[in-house]
Amino acid sequence: QAGLKILARVDHQPDWSRAVPAENGPPDEPEDLADIVSAMVARYGSAGIPAIQVWNEPNLSREWGNTLIGAHQPYQYVHLLRRASEEAKETDPNITIISAGLSPTGTADGTAQPDDVYLQWMYNAGLARWADGIGMHGNSYGLPPEAELMSDPSRPHPSFYFRRVEQVHDRLGLLSLCHQVAVIDQHARSGREAGPMPFRVGKLRREPFSLWRTGGG
């Protein structure tokens with residue numbers, strides 16, 4: 001009645017799907033996640049759930065079974081995305097598949113990888129073929145969303161600013177991802193002082209997701 005449409009994010013695997021327990025980590029068999037996504041689409045269809053996002057922030061170790069994040073790992077994620085996309089579209093070709101939103105961060109020590117770097121790795125792994133839209137996270141850590149990049153000395157990296165999404169959006173264009181939709185699926189604002197790791201957050205206020213075409217501005 002309100003005209004709202006659902007973007008459903010699928011992550012936090014069932015306990016039985018991993019030999020090594022983790023709060024959030026991909027199933028040992030990508031087919032298990034693909035089966036879950038396929039069952040969701042079969043039950044609700046694109047009329048009930050128009051879009052499904054496959055996983056969340058795979059550029060963080062804590063979101064990927066606490067394993068180190070390096071250049072090889074995005075290939076694992078894109079394979080997971082591929083199987084979920086194939087199964088979903090076989091069930092309902094009208095479903096929209098969104099790639100995981102990446103955590104804005106400048107950390108590159110294996111506990112995380114920068115979102116722009118990880119996006120390039122996903123592209124190298126075949127992202128464009130399996131995602132209709134590219135997930136993005138816009139965090140601002142207590143700053144107003146319109147704050148210019150690097151305008152606050154206490155926020156020494158672009159990942160502390162909501163307008164980081166503009167940089168990532170421009171990167172999508174450089175990667176020729178002009179047929180995909182850029183989807184801001186998470187906006188977090190924290191009043192806590194920013195910690196040394198750019199992806200640290202406190203209490204969040206989440207805003208509705210928005211989108212725009214990567215070729216249009």
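Here the structure is shown first, and the text comes after it.
In short, a report on the structure. These figures come from a predicted structure and were not determined experimentally.

Re empty space enclosed by the protein
Tallied over the full model, the rule gives one cavity of 30 Å³ or more. Counted as a void, the largest cavity has a volume near 80 Å³. Together, Leu102, Asp115, Leu119, Met122, Ile134, Gly135, Met136, His137, Val165 and Val168 line the largest cavity. Elements supplying a minimum of two residues to the lining of the largest cavity: α3 (115-124), β4 (133-139) and α5 (164-174). Per-element accounting of the lining of the largest cavity gives the leading share, four residues, to β4. When the residues that make up the lining of the largest cavity are grouped by side-chain class, the tally is seven nonpolar, two polar and one charged.

Focus: unusual backbone geometry
Even without a glycine there, the phi angle at histidine 12 is positive, about 55°. Here the phi dihedral of methionine 150 falls at roughly 65°; this positive angle occurs in a residue that is not glycine. The residue methionine 150 is located in the loop between β4 and α5 in this model. Given the relative accessible area of 44%, methionine 150 is considered partly exposed.

Considering the pairing of strand β5 (residues 181-188)
Taken across its eight residues, β5 has eight buried, putting it largely inside the fold. Strand direction decides the pairing type here: β4 and β5, joined by seven bridges, are parallel. Paired with histidine 137 across the two strands is glutamine 186, which belongs to β5.

Observations regarding the environment of threonine 91
Mapped onto the fold, threonine 91 is located in helix α2 (residues 73-91). Counting along the chain gives 51 residues from threonine 91 to methionine 40, while the straight-line C-alpha distance between them is 9.7 Å. Of note is the side chain of threonine 91, whose polar atom sits 3.1 Å from the side chain of serine 38.

Thoughts on the packing of aromatic side chains
What the rule picks out here adds up to four aromatic pairs. Seen from their ring centres, tyrosine 141 and phenylalanine 160 are 5.3 Å apart, and the 75° between their planes marks the pair as edge-to-face. A residue pair is termed long-range when its members are at least 10 positions apart, and tyrosine 141 in the loop between β4 and α5 and phenylalanine 160 in the loop between β4 and α5 qualify at 19 residues.

Things to note about helix α1 (residues 30-48)
The sharpest bend along α1 comes to roughly 65°, located at alanine 42. Listed as buried for α1 are Pro30, Leu33, Ala34, Val37, Ser38, Val41, Gly45 and Ser46. In this structure, the buried side of α1 is in contact with β1 (7-10), β2 (51-54) and α2.

Points about the side chain of serine 99
One can find serine 99 in strand β3 (residues 96-99). Setting aside its immediate chain neighbours within four residues, serine 99 contacts Gln53, Val54, Tyr77, Leu81, Leu127, Ala131, Gly133, Ile134 and Gly135.

Details of α5
Burial in α5 covers these residues: Arg164, Val165, Val168, His169 and Leu172. Take α5 and look down its axis: the buried residues cluster within an arc of 140°, on one side only. Exposed residues on α5 whose side chains face more than 90 degrees from its buried face are Asp170 and Leu174.

Here's the deal with the pairing of β3
As defined by bridge partners, β2 adjoins β3 across four bridges and the pair is classed as parallel. Each residue of the ladder has a partner; that of valine 54, found in β3, is serine 99. Between the parallel elements β2 and β3, the chain passes through α2 in a crossover that is right-handed.

Parameters at a glance
Residues numbered from 1 in each chain as written. Predicted model: local features only at pLDDT ≥ 70, side-chain atom pairs only at ≥ 80, totals over all residues. Heavy atoms only, no water. 1 Å grid on protein atoms, 1.4 Å probe; cavity = no way out; pocket = protein on both sides within 12 Å on 5 of 7 lines; lining within 4 Å. Points joined across faces, edges and corners; volume = space filled by probe spheres on them. Helix = DSSP H or I, 4+ residues; strand = E, 2+ residues; numbered from the N terminus. Nonpolar A, V, L, I, M, F, W, Y, C, P; charged D, E, K, R; others polar. Buried < 20%, exposed > 50% of the residue type's maximum accessible area, 1.4 Å probe, protein only. Pairing = 2+ DSSP bridges. Polar contact = N/O pair within 3.5 Å; in protein donor to acceptor, adjacent residues only side chain to side chain. Phe/Tyr/Trp six-rings, centres within 6.5 Å; stacked < 30°, edge-to-face > 60°. Bend = angle between axes of the 7 residues up to and from the residue. Contact = heavy atoms within 4.5 Å. Arc of directions from axis to C-beta. Right-handed = clockwise from strand over helix to strand, strands pointing away.

Take it as geometry only, folks, not as evidence of what the structure does.
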